[in-house]
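Here's the letter readout for the chains.
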Amino acid sequence: MQNGQRRYAIVGNGFAGTTAAEQLRKQDASASIVMFTDEPYTLYNRIALPPLLRKQVAQAKVIIRDLAWHEKHAIDLHLSTKVEHIDFEEKVVYAGGTGYPYDALLIATGGRPNRCESPGAEGAHNVFNFQYMDDTLAISESLETAKSAVAVGGSFIAYELAEAFSARGVETHWLVRGPRFLRRMLDEIAGEMIDEAAREDNVHVHYEEELGSLVRSNGSVTKAITKSGKEIPADCVGVGLGLTMNTEIVAGTPIEVKTGIVCDDRLETNVKGIFAAGDIAEFYDPIADMNYRMGTWNNAGAHGKVVAINMAGGDMRYHDVPEYSSLLFSTQTITQFGISPEYRDDLEMVRKVDAEKKWYRALFFWKNRLVGGVLIGKGNRAGKRKFLEAIKAKTEFPPGEWESILDWTA
Ligand SMILES: Cc1cc2nc3c(=O)[nH]c(=O)nc-3n(C[C@H](O)[C@H](O)[C@H](O)COP(=O)(O)OP(=O)(O)OC[C@H]3O[C@@H](n4cnc5c(N)ncnc54)[C@H](O)[C@@H]3O)c2cc1C
């Protein structure tokens, strides 16, 4: 605190960091707020990157906060400036050769995509990750001339790549290591419904297949060879092989790191005055009584609000039900809320399938409480609000009632 003015530093200007900055300004009109990003952009909507790649929205629409907004709110944003080091004893953030003292610090650094390590990928002009604005622009340019493209991985990102390749009229192959998409969250029946949607969009899904190597000519990939020996022409390769959390700036400090930066339900770490939010935060969820990370847009924004209130001296608990919705090619949609077997392996499931309507509903229970679910199918989301309310209220349901709860969406 200097002359009574509180100083806040934020590392990362994604949805979590920027929402926190906005909320901090609402909490405290005179505080100094400094925010850093190693990207050259003000906040952009990461979930609009797939529509940008499909050429359904313009780049300008994807940028949701401009420099004028930061000036208006007196948020001192440093673009293209990586935070290299934080002195947690002296409470100083070092970036671009300058030290910035703080009273409270937020780490909202998210994750970076794992690179393709198959032989032939390193340095190739047409092998891409899909996480940043710059990735999107580069893939988009490559698709202008591509005839055949390969998406690699069983993640949502790999799905988004496959969908965009096919929407851009390119022959699309999708390599999924497991027996189905999102194998830890979805069962076989759900996997079949998604497979049908992929086939309707002419996407060739290769299950139980991994990328073996890439054949190159003049620095560009021309062909993908799978581990089982299939050869697929490839003018563009997109990989969705998960994220590595950007935790390096707290390495060697007392701050606890597991799958992300561990924090409590106020989003404060084990070091007082240091907070984490968004994808990087392994936060405590009182509903599931466990810490986990949740990589969704809504979660990042909700964290940003709560964390700012606590950084400013408040005492707000994060008590929300994470949810995620996405298209599944041009004929299906998926909504996931709460937790799934991906998070806890001691959940019990009930499910219902309507083949005619192409609906799939699965609910997950833990200790007689509804804790999560997955809905596939357009128009299948009507009762979702009721599910979310029951999860949040920790309502108990005897097992005999579980099947009938599925009909809340009917
Ligand atoms: C293509 C794509 C599609 C998606 N679709 C959906 C969807 O449909 N629905 C949904 O809910 N979620 C979706 N997500 C996930 C969602 O976008 C993320 O969960 C959310 O944006 C995370 O926000 P964040 O602020 O925690 O982190 P990020 O947005 O990752 O921001 C972190 C920022 O910090 C920067 N940074 C890292 N280290 C440093 C450092 N040392 N110094 C300075 N800056 C640093 C990073 O470069 C980055 O700019 C999608 C993600 C992608 C990539």
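For the structure itself, look to the data block above.
These figures come from a predicted structure and were not determined experimentally.

Caption draft 1: Region of the structure containing the layout of surface pockets. Within this model, the second largest pocket holds a volume of roughly 230 Å³. What lines the second largest pocket is a set of 13 residues, and nearest its centre among them are Arg115, Cys116, Val127, Phe128 and Asn129. Residues belonging to the lining of the second largest pocket are distributed by class as follows: seven nonpolar, two polar and four charged.

Caption draft 2: Quick look at the sheet that holds strand β14 (residues 220-226). Taken in spatial order, the three strands line up as β13-β14-β15 in an open sheet, and their pairing is antiparallel. In this open sheet, the two strands that pair with only one neighbour each are β13 (211-217) and β15 (231-233). Shown here is a sheet whose adjacent strand axes are inclined to one another by a mean of 30°, direction ignored. When β14 meets β15, the two strands line up antiparallel, connected through three bridges. Paired with Ile225 across the two strands is Glu231, which belongs to β15.

Caption draft 3: Quick peek at the site of the ligand. Close to the ligand lie 31 residues, the nearest being Asp38, Glu39, Arg46, Asp279 and Trp297. One nitrogen or oxygen atom from the main chain of Thr296 is found 3.2 Å from an oxygen atom belonging to the ligand. Between the ligand and the protein, one listed contact pairs an oxygen atom with a backbone N or O atom of Trp297 at 2.9 Å. Burial of the ligand by the surrounding chains reaches 95%, relative to a free accessible area of 1000 Å². Contributing elements (two or more residues each) for the shell around the ligand: α1 (15-27), α8 (297-311) and β22 (323-328). A per-class count over the shell around the ligand returns 13 nonpolar, 13 polar and five charged. A domain-level breakdown of the shell around the ligand finds at least three residues from each of domain 1 (7-110 + 246-311) and domain 2 (114-242).

Caption draft 4: Representation of the pattern of salt bridges. This structure, assessed with the given rule, holds 26 salt bridges. A salt bridge links Asp195 to Arg199; the nearest nitrogen and oxygen atoms lie 2.9 Å apart. Here the residue Asp195 and the residue Arg199 both occupy positions in helix α7 (residues 188-200), the gap between them amounting to four residues, near one helical turn. A relative accessible area of 15% places Asp195 in the buried class. Put simply, Lys392 and Asp320 hold a salt bridge, and the shortest N to O gap is 4.0 Å. Of this pair, Lys392 sits in helix α9 (residues 384-392) while Asp320 is found in the loop between α8 and β22, placing the two residues 72 residues apart along the sequence. Since its relative accessible area comes to 28%, Asp320 is described here as partly exposed. Taken together, the shared-partner salt bridges connect Asp265, Arg266, Glu268, Asp315 and Arg317 into one network.

Caption draft 5: Region of the structure containing the packing of aromatic side chains. Under the definition given, this model contains 18 aromatic pairs. Residues Tyr41 and Tyr44 carry aromatic rings whose centres are separated by 5.7 Å and whose planes lie at 85° to one another, so their mutual orientation is edge-to-face. Using a relative accessible area of 6% as the deciding quantity, one classes Tyr44 as buried. Here Phe283 and Tyr318 contribute two aromatic rings whose centre-to-centre distance is 5.3 Å and whose plane-to-plane angle is 90°, an arrangement assigned as edge-to-face. One end of the pair, Phe283, is in strand β20 (residues 281-285); the other, Tyr318, is in the loop between α8 and β22, with 35 residues separating them in the sequence. For Phe283, a relative accessible area of 1% translates into the label buried. Classification of Tyr318 by relative accessible area gives buried; the value is 4%. Pairwise contacts between aromatic rings join Phe156, Tyr159, Trp174, Phe181, Tyr324 and Phe329 into one cluster. Its guanidinium or amino end placed over the ring of Trp69, Arg65 lies 4.8 Å from that ring's centre, counting from NZ or CZ. The ring centre of Trp359 lies 4.7 Å from the NZ or CZ of Lys357, which sits over that ring.

Caption draft 6: Representation of the environment of Ile255. For Ile255, the position within the fold is in the loop between β17 (243-245) and β18 (261-262). In the structure, Ile255 is positioned 17 residues away from Lys272 in sequence and 9.8 Å away in space, judged by C-alpha atoms. Setting aside its immediate chain neighbours within four residues, Ile255 contacts Phe88, Val250, Ile261, Thr269, Asn270, Val271 and Ile274.

Caption draft 7: Summary view of the sheet that holds strand β26 (residues 369-376). Taken together, the five strands give an open sheet; going across it, the order is β22-β23-β26-β25-β24, and neighbouring strands pair in antiparallel fashion. The two strands at the open ends of the sheet, each matched to only one other strand, are β22 and β24 (348-354). Averaged over all pairs of adjacent strands, the angle between strand axes in this sheet comes to 15°, irrespective of strand direction. The pairing of β24 with strand β25 (residues 359-366) spans seven bridges and is classified as antiparallel. Bridging across to β25, Asp354 finds its partner in Trp359. Across the sheet, helix α6 (residues 156-167) is in contact with β22 and β23 (332-338); its angle to β22 comes to roughly 30°.

Caption draft 8: Representation of the state of the cysteines within the structure. Inspection of the entire model under this criterion finds zero disulfides. Distance from the sulfur of Cys236, which forms no disulfide, to the nearest cysteine sulfur (Cys116) is 12 Å.

Caption draft 9: View of the nonpolar core. Among the nonpolar cores identified, the biggest contains 102 residues, and Leu105 and Trp174 are the most heavily contacted of them. Considering each element in turn, this core owes the most residues, seven residues, to α6. The contact partners of Trp174, leaving out residues within four places of it in the chain, are Ala151, Gly153, Ser155, Ala158, Tyr159, Ala162, Phe181, Val203, His204, Val205, His206 and Phe329.

The rules we used
Residues numbered from 1 in each chain as written. Predicted model: local features only at pLDDT ≥ 70, side-chain atom pairs only at ≥ 80, totals over all residues. Heavy atoms only, no water. 1 Å grid on protein atoms, 1.4 Å probe; cavity = no way out; pocket = protein on both sides within 12 Å on 5 of 7 lines; lining within 4 Å. Points joined across faces, edges and corners; volume = space filled by probe spheres on them. Nonpolar A, V, L, I, M, F, W, Y, C, P; charged D, E, K, R; others polar. Pairing = 2+ DSSP bridges. Helix = DSSP H or I, 4+ residues; strand = E, 2+ residues; numbered from the N terminus. Axes fitted to C-alpha atoms, helices over the stretch in contact; angles between N-to-C directions. Near = heavy atom within 4 Å. Polar contact = N/O pair within 3.5 Å; in protein donor to acceptor, adjacent residues only side chain to side chain. Areas by Shrake-Rupley, 256 points an atom, 1.4 Å probe, with all protein chains shown as cover. Domains from an automatic or database assignment. Salt bridge = Lys/Arg side-chain N within 4 Å of Asp/Glu carboxyl O. Buried < 20%, exposed > 50% of the residue type's maximum accessible area, 1.4 Å probe, protein only. Phe/Tyr/Trp six-rings, centres within 6.5 Å; stacked < 30°, edge-to-face > 60°. Lys NZ or Arg CZ within 6 Å of the ring centre and 35° of its normal. Contact = heavy atoms within 4.5 Å. Disulfide = S-S within 2.5 Å. Core = buried A, V, L, I, M, F, W, Y, C linked by side-chain atoms within 4.5 Å.

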